[in-house]
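As a plain string of letters, each chain reads:
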Amino acid sequence: MATRGAEPTGGEIDRTTLKGGVQHEGFLRYRRLYWAKMAGAISATLIVAYLLIDIKPRPNGGSWFGYTLGTAGVLLIVWLAFLGVRKRAMTPGRWSLKAWTSAHVYLGLSLIVIGTLHTGFQLGWNVHTLAWVLMMIVILSGLFGITAYTTLPGKLSTNRDETTEAQMLETLADINRQLFDAAQPLEAGSAAVVQRAIDENAFSGGIWRRLSSRQQIGGTAEALAEFRARSSAGDSPLDTLYDRLEALLSRKQAALARVRRHLRIKGLLQVWLYIHVPVTFALLAALSAHIISVFFYW
Amino acid sequence: MADAYRIAIIGSGPAGLSAAGRAAELGLSHVLLEKTDHLSDTIYKYQKGKHVMATPNQLILRSDMDFDAGKREVVLGTWDEQAASLGVNVKLNADVTEITGDAGNFQIKLAGGETIQAENVILAIGTQGNPNTMRVPGGDKPHIQYQLDDPTEYVDEHIIVIGSGDAGIENALGLAADAEQGNVVTILNRSAEFARAKDANVKLLQQAGEQGRINIMTETTPSEVLDKQIMLDTRDGQTKIRCDRIIARMGSAPPRKFVEACGVEFASEEREAFPKLSPAFESTKKGIFVIGALAGYPLIKHCMNQGYDVVEFINGNTDLKPADEPLLEEKFRGLPGGRSVADWLEFLRARVTILNELSPLQMREFMLDSEVQFFRRGATIFEKNEPGSSLFGIAEGKVSVQLSEADPSLTAPIDQGSIFGEVGLVSGRRRGSTITAAEDTIVVEIPRMAALKLMATVPAAKRAITNISTERQLLQMFGSGLTSEDLVEVMKTAEIVNVKAGEAIINEGEEGTDIFVIRSGSMVVEKMVGRKPVFLSYLPAGSYVGEMSLLDGGRRTATVRAAIKSEVIKVDGAAFGTLLERKPQLLDRARRDMSAREDVNNFVEAKKDSFSGVVDMYSSVASFLVENGIGEATDVLLIDEHLCVGCDNCEKACADSHDGLSRLNREAGRTYAHLHVPTSCRHCEHPHCMADCPPNAIHRGDDGEVFIDETCIGCGNCQRNCPYGVIRMEKTPPKKPSLLSWLFFGIGPGPGEPDHDWIDANVADDTPKKAIKCDMCAGIEGGPACVRACPTGAAIRVAPEEFLSVSRLETEQL
């Protein structure tokens, strides 16, 4: 058997092209793009209708067509927001969250058409446009999410290489323990260098630091450079110790890099939700304001 | 030396203690011999505060000792107190080495040299056995111990641990865990590898070795124990090292040898066999009685009842009805015939052939596990494709087997005295045909565990079941109006062959015409293309292979090897060929089966030149899955890591569907080419977890799922036996506040499994831990929660033969 985890040479099996219960089929391709077609058809119909129906004096949210679009949009938004409840309420029954996600994605995208046509392209500095802007932010963050969900899982899996997050952290702790033991014979100055390497963990730095893929220079890298220099000088009675420290430090370096990559990919898979979800709530609030004020005008 | 005792009881566990209590109460002269310095060592060795269960609930306790479910300390305390107040004559530290003499005059030799005389002996020594001891000069020195209770009590000592099993490694790690204790720990291993221990333990040990916390000496045996030193034979010669204490963990010898040396016969050579016993628990050696786990009853209540009963029997009370009488009465209630319990037992024993050789006592125990059912003429007993692994014996009446799904009138009869359902028993697969009652029928339904026990205890029953099942499997597989008469010649050549995992039964390019029928386990078919084996198909139990070279002549076109340990029926090709000539229908059918296989062969041949990455990939993915136990799975959770975003909603959904505890670990487990097999139950054909469950709480359910019922006593055997690590021992947390109150007010831990602190804070300290595992969401509408709750479609549950089919490969080619 070939080396595990390695990317296969030649054409990779695209399991998602298959239908039926025994094959993997992702949420984007669910039921041969059923919801994509549905959303596409809805959007196309609405665009054609918008162009054909001549609303006087001009297309407006307050016309009969505008109200129809608005009502449909609001119902859709509320239903889309219910995905959060559906996901967490593990009730019995013949439902599948994959189907919900698929519908959520494509119908959510069709909101771009529904919502924008509803505005009649009358945008301005008011609460109504605020609702439209918030909606667009939610949809764009969702698009980011779809991109992340399509591109990142494979990388997460490859980086993990069968180890769990807990095991990765355990490995780090274990190397730290060995570094600590190995550094005992060192004098205070060198011991402090090792200590700085031990103190470096995968969680340091803020959110941007975590999500960026830039290599970080920390205590471990510095200590590694230091002891690598010393062991290649090769004139100290402590040379074997330096070799061992060098080996341990480079192991720590590699382990740290893997945990950081893991946390970064996990972070990217989640970070958009911190926009998507709160802005959805803001959108619901703005929508309420929009609807109430519209009825006030009426 | 004192006069002979009327009864000597060996072993002070629940059975022995209860027997001694009864003897004391009746005023019989008795002695209770216990090899350790405390009563009931097995329960004494439970961890502190462990909750001891009292199953089966419906069984009434009949003993002078009290027993109820509760903490280890309470149970032991009650017994100590009652043993004293009843005036039980206990002799502690009395290790019996030999029993000689005959009924009325037994000599019981103790390790110290003392001999005790008794008229009757009750063996209640359980099945744990004695630890193997050191047999080198100085092997009896006082600083050698065979157990380690608390590794923290030793400081600044040079300690040698002997033994390469888990016990030895765990002890060594425990002693070296805290550097502050200042122990110098050395572990000795006779061989170069630690092959008998769990991987995790070996890894920890090697790590400790690298760090210098433990000295590991492989290929080393002790040759002499001195005071303060030990002489060792190493690969490089003898050496002497300092040694203050020796902890020898070299396994234990099962007690069978000792019991046989006493003159007691066992029912068979099988490892699972129990001693042959009369209804009064008397063994083949007159005057020696066997009760408790050694007699095949591992549960405390059974043991205690037997202790009471056996003393009553010895005391001449032959009319005593066993305590399980009401249970049996309940079983036989409502059946036509209105017989007494004893009559029913005799009726079934005499009528069902495979039960003929059971003793009345075995029959009684056997019926406690089994059920008797009455079916009116025409009623369905089970349907084709129903899951089920129990065996049926016909006590009265007749049943008919439906041979064809299309035409239900096509049937074959099975007569009174015979058995059916054996295919499910052997292969663990679904039922092969529908069986209905041909007339009013009484059947005994024997659960798989009881049937296996029966086969181990009664060799004749084993032979009968094997023969019938072989013949039926052939009949069922080739169908087409074949009768058992047609098979006579073929059956003569049929031979059951055990195949180890990975071993080939057919090699590509070889001559040979034998046909193989897979009885249990599964096989994979491979073909060499270039230098690489290409996975062609997966054959579950119940299929046959090898017909191609018989029909077409020529050499074998592919290699067939066992995916897991399997059993096949080997049928001589010539004999089968003759049968084919006589039965054109059968020949047609074989040709049809073969053409499907040829298609696959041709497909691979055609692709050979443009041998694509796809075929290669499919082949290696299939091999990976088989390596990971998919070969013995009936249903397995697979995650496509191209789709898995790591949200763990599968785990959360699992927890929320099952008392707040998740039965799967998404992240753990093996991965190949982004196909991940998470740590979750595979619902094996022959579940390893079922092998040793004292209350028999693990079953296969209606949808093929393997589940643990509420009679679980929390012993942890199943967890240890599962090779895939999918069983957890946990306390059941209380119900969580509702989802909405969490969503809006932040009350409770939210969806998914609560963290340990929350569970600890919300359950009582003495809540017993129970074994939990995936039950495939049986009884939950919509099916497995993990799959339903996956937002991206990464999780699916599949049967291996569907996932590993070549049709898949062809679709993927398109």
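- As annotated in an unreviewed UniProt entry, chain B carries the name NAD(P)-binding domain-containing protein and comes from Parasphingopyxis marina.

- As recorded in an unreviewed UniProt entry, chain A goes by the name Ferric reductase like transmembrane component, listed as coming from Parasphingopyxis marina.

**So, the overall build of chain B**
Part 1 of the argument: The secondary structure content of chain B amounts to 25 helices and 43 strands.
Part 2 of the argument: Here the C-alpha atoms of chain B give a radius of gyration of 30 Å, agreeing with the 28 Å that 2.2 N^0.38 yields for 814 residues.
Part 3 of the argument: Viewed in the frame of its principal axes, chain B has a C-alpha envelope of about 85 × 70 × 70 Å.
Part 4 of the argument: Counting the 814 residues in chain B, one finds 53% classified as buried.

**Some thoughts on the UniProt feature "transmembrane region" (unreviewed entry) in chain A**
All names here are of chain A.
Part 1 of the argument: Feature annotation in UniProt places "transmembrane region" (unreviewed entry) on residues 34-53, 65-85, 105-125, 131-152 and 271-297, given in this structure's numbering.
Part 2 of the argument: The distance from the first to the last C-alpha atom of residues 34-53 is 28 Å, and the span holds 95% helix and 0% strand.
Part 3 of the argument: With 71% helix and 0% strand, residues 105-125 has end C-alpha atoms that lie 29 Å from one another.

**Observations regarding the side chain of Glu200(A)**
Residue and element names in this part refer to chain A.
Part 1 of the argument: With respect to the helices and strands, Glu200 occurs in the loop between α7 (188-199) and α8 (207-211).
Part 2 of the argument: When its relative accessible area of 11% is taken as the criterion, Glu200 is described as buried.
Part 3 of the argument: A distance of 2.5 Å separates polar atoms of two side chains, one belonging to Glu200 and the other to Thr220.
Part 4 of the argument: Apart from the residues within four sequence positions on either side, Glu200 is in contact with Gly218, Gly219, Thr220, Ala221, Lys252, Leu256 and Arg260.

**Observations concerning the pairing of strand β14 (residues 221-226) of chain B**
A regular strand places its side chains so that they alternate between the two faces of the sheet.
Residues and elements named next belong to chain B.
Part 1 of the argument: By the bridge criterion, five bridges tie β14 to strand β15 (residues 229-234) in an arrangement that is antiparallel. Residue Pro222 lies in a different strand from β15, and its bridge partner there is Leu232.
Part 2 of the argument: What sits between the antiparallel neighbours β14 and β15 is a turn of two residues, in which Lys228 has the positive phi angle 65°.

**Here's the deal with the environment of Ser359(B)**
All names here are of chain B.
Part 1 of the argument: Looking at where Ser359 falls in the secondary structure, it is placed in the loop between α9 (341-351) and α10 (360-369).
Part 2 of the argument: Among the residues examined, Ser359 registers a relative accessible area of 15% and is labelled buried.
Part 3 of the argument: As a C-alpha pair, Ser359 and Pro279 span 80 residues in sequence and 7.2 Å in three-dimensional space.

**Thoughts on the packing of aromatic side chains**
Part 1 of the argument: All chains considered together, the criterion is met by 14 aromatic pairs over all chains.
Part 2 of the argument: With centroids separated by 5.9 Å and ring planes inclined at 40°, the aromatic side chains of Phe67(B) and Trp79(B) adopt a geometry described as tilted. Residue Phe67(B) is located in the loop between β3 (51-52) and β4 (70-71), and its partner Trp79(B) is located in helix α3 (residues 72-86); the two are separated by 12 residues in the primary sequence.
Part 3 of the argument: With a centroid separation of 5.0 Å and an interplanar angle of 0°, the aromatic rings of Phe392(B) and Phe420(B) are classed as stacked. Of this pair, Phe392(B) sits in strand β22 (residues 391-396) while Phe420(B) sits in strand β25 (residues 419-420), placing them 28 residues apart in sequence.
Part 4 of the argument: Taking the relative accessible area as the measure of exposure, Phe392(B) reaches 4% and is therefore buried.
Part 5 of the argument: These aromatic residues form a ring-pair network of at least three members: Phe27(A), Tyr149(A) and Trp272(A).

**Concerning the confidence of the model for chain A**
Low pLDDT means the predicted atomic positions in that stretch should not be read closely.
Part 1 of the argument: In this model, chain A carries an average pLDDT of 86, and 92% of its residues clear a pLDDT of 70 or more.
Part 2 of the argument: The low-confidence segment residues 1-21 of chain A, where pLDDT is below 50, has 51 contacts with residues more than four positions distant or belonging to other chains.

**Let's talk about the pattern of salt bridges**
Part 1 of the argument: Scanning the entire structure with this criterion turns up 44 salt bridges over all chains.
Part 2 of the argument: Arg555(B) is paired through a salt bridge with Glu511(B); the nearest N and O atoms lie 3.5 Å apart. Of this pair, Arg555(B) sits in the loop between α15 (547-552) and β34 (559-562) while Glu511(B) sits in the loop between β29 (504-506) and β30 (515-520), and the two are 44 residues apart along the sequence.
Part 3 of the argument: On the basis of relative accessibility, which here comes to 49%, the residue Arg555(B) falls in the partly exposed class.
Part 4 of the argument: Overlapping salt bridges, with partners in common, bring together Glu170(A), Asp174(A) and Arg177(A) in one network.

**Let's talk about the sheet that holds strand β21 (residues 380-382) of chain B**
Two modes of strand pairing occur in sheets, parallel and antiparallel, and in both the strands are linked by backbone hydrogen bonds.
All names here are of chain B.
Part 1 of the argument: Ordered in space as β21-β26-β23-β24, the four strands form an open sheet in which the pairing is antiparallel. The open sheet has two edge strands, β21 and β24 (411-414), and neither has a second partner. Ignoring which end each strand starts from, the neighbouring axes of this sheet average 35° apart.

**Overview of the confidence of the model for chain B**
Part 1 of the argument: Considering every residue of chain B, the mean pLDDT works out to 84; 95% of them sit at 70 or more.
Part 2 of the argument: The low-confidence segment residues 810-814 of chain B, where pLDDT is below 50, has nine contacts with residues more than four positions distant or belonging to other chains.

**Considerations on the pairing of strand β23 (residues 399-402) of chain B**
Residue and element names in this part refer to chain B.
Part 1 of the argument: Bridging between β23 and β24 involves four bridges; their strand directions are antiparallel. From the neighbouring strand, Val399 faces β24, where its bridge partner is Ile414.
Part 2 of the argument: As defined by bridge partners, β23 adjoins strand β26 (residues 435-437) across three bridges and the pair is classed as antiparallel. From the neighbouring strand, Ser400 faces β26, where its bridge partner is Thr436.

**Details of the domain arrangement of chain A**
Residues and elements named next belong to chain A.
Part 1 of the argument: Per the domain assignment, the segments making up chain A are domain 1 (26-161 + 272-297) and domain 2 (165-271).
Part 2 of the argument: Taking the mean C-alpha position of each, domain 1 and domain 2 sit 46 Å from one another.
Part 3 of the argument: Taken together, both faces of the contact between domain 1 and domain 2 bury some 1100 Å²; the carbon and sulfur share is 63%.
Part 4 of the argument: Of all residues in domain 1, Leu152, Leu156 and Asn159 give up the largest surface area on contact with domain 2, accounting jointly for 50% of the area buried on that side.
Part 5 of the argument: Taken together, domain 1 and domain 2 are joined by eight residue pairs in polar contact (both at pLDDT 80 or more).
Part 6 of the argument: Contributions of two or more residues to the side of domain 1 that touches domain 2 are made by α5 (127-160) and α11 (273-297).
Part 7 of the argument: Counting residues per element, the side of domain 1 that touches domain 2 draws most heavily on α5, at eight residues.

**Some details on the sheet that holds strand β35 (residues 566-571) of chain B**
All names here are of chain B.
Part 1 of the argument: The four strands are arranged β28-β35-β30-β33 in an open sheet whose pairing can be described as antiparallel. Two strands close off the open sheet at either side, each with one partner strand: β28 (495-499) and β33 (544-545).
Part 2 of the argument: Where β30 and β33 come together, two bridges link them in antiparallel fashion. Residue pairing in the sheet places Val517 in a bridge with Tyr544 of β33.

**Comments concerning the packing of helix α8 (residues 325-332) of chain B against α9(B)**
Residues and elements named next belong to chain B.
Part 1 of the argument: It is at 10 Å that the axes of α8 and α9 come closest, and there the two elements cross at 65°. As far as their axial angle goes, α9 and α8 are roughly perpendicular. The element α8 and its partner α9 pack so that their crossing is left-handed. Along the contact surface, α8 presents Glu325, Leu328, Glu329 and Phe332, while α9 presents Val341, Trp344, Leu345 and Leu348.
Part 2 of the argument: In terms of residue class, the contact of α8 with α9 is made up of six nonpolar, no polar and two charged.

Conventions used here
Here the residue numbering is sequential within each chain, running from 1 through the sequence in written order. By the order in which they are written, chains take letters starting at A while ligands take numbers starting at 1. Predicted model: local features are reported for residues with pLDDT of at least 70 only, side-chain atom pairs are reported and counted for 80 or more only, and whole-chain, interface and lining totals are derived from all residues. As a rule here, side-chain values cover all heavy atoms of the structure and leave hydrogens and water aside. Per the convention used, a helix needs a DSSP run of H or I reaching at least four residues, while a strand needs a run of E reaching at least two, with both numbered from the N terminus. As a reference, a globule follows 2.2 Å times the number of residues to the power 0.38, and the radius of gyration itself is taken over C-alpha atoms. Residue exposure (1.4 Å probe, protein chains only): buried if accessible area is under 20% of the type maximum, exposed if over 50%, otherwise partly exposed. UniProt positions are given in the numbering used here, feature names are shortened, and annotations may be inferred rather than shown by experiment. Pairs of N or O atoms within 3.5 Å make up the polar contacts considered here, provided that, within protein, one atom can donate a hydrogen while the other can accept it, and that residues adjacent in sequence are counted only when both atoms are side-chain atoms. Whether two residues touch is decided by their heavy atoms; if any such pair falls within 4.5 Å, the residues are in contact. DSSP bridges decide pairing: two strands pair if at least two such bridges lie between them. In this scheme Phe, Tyr and Trp rings, the latter by its six-membered ring, pair at centre separations within 6.5 Å, and the angle between planes marks the pair as stacked below 30 degrees, edge-to-face above 60, and tilted otherwise. pLDDT measures how confident the predictor is about each residue, on a scale from 0 to 100. Just to be clear on terms, a salt bridge is a Lys or Arg side-chain nitrogen sitting within 4 Å of an Asp or Glu carboxyl oxygen. Angles run from 0 to 180 degrees between N-to-C directions of axes, and those axes are lines fitted to C-alpha atoms, restricted for helices to the stretch in contact. Start and end positions for the domains come from either an automated domain assignment or a database one. Two parts lose some accessible area (1.4 Å probe) when they are put together, and adding that loss for both gives the buried area. Throughout this description, any angle smaller than 35 degrees is read as roughly parallel, any larger than 145 degrees as roughly antiparallel, any in the 65 to 115 degree range as roughly perpendicular, and the remainder as oblique. For a crossing to be left-handed, the near helix must be turned anticlockwise from the far one by less than a right angle; the clockwise case is right-handed. The residue classification treats Ala, Val, Leu, Ile, Met, Phe, Trp, Tyr, Cys and Pro as nonpolar and Asp, Glu, Lys and Arg as charged. All others, Gly included, are polar.

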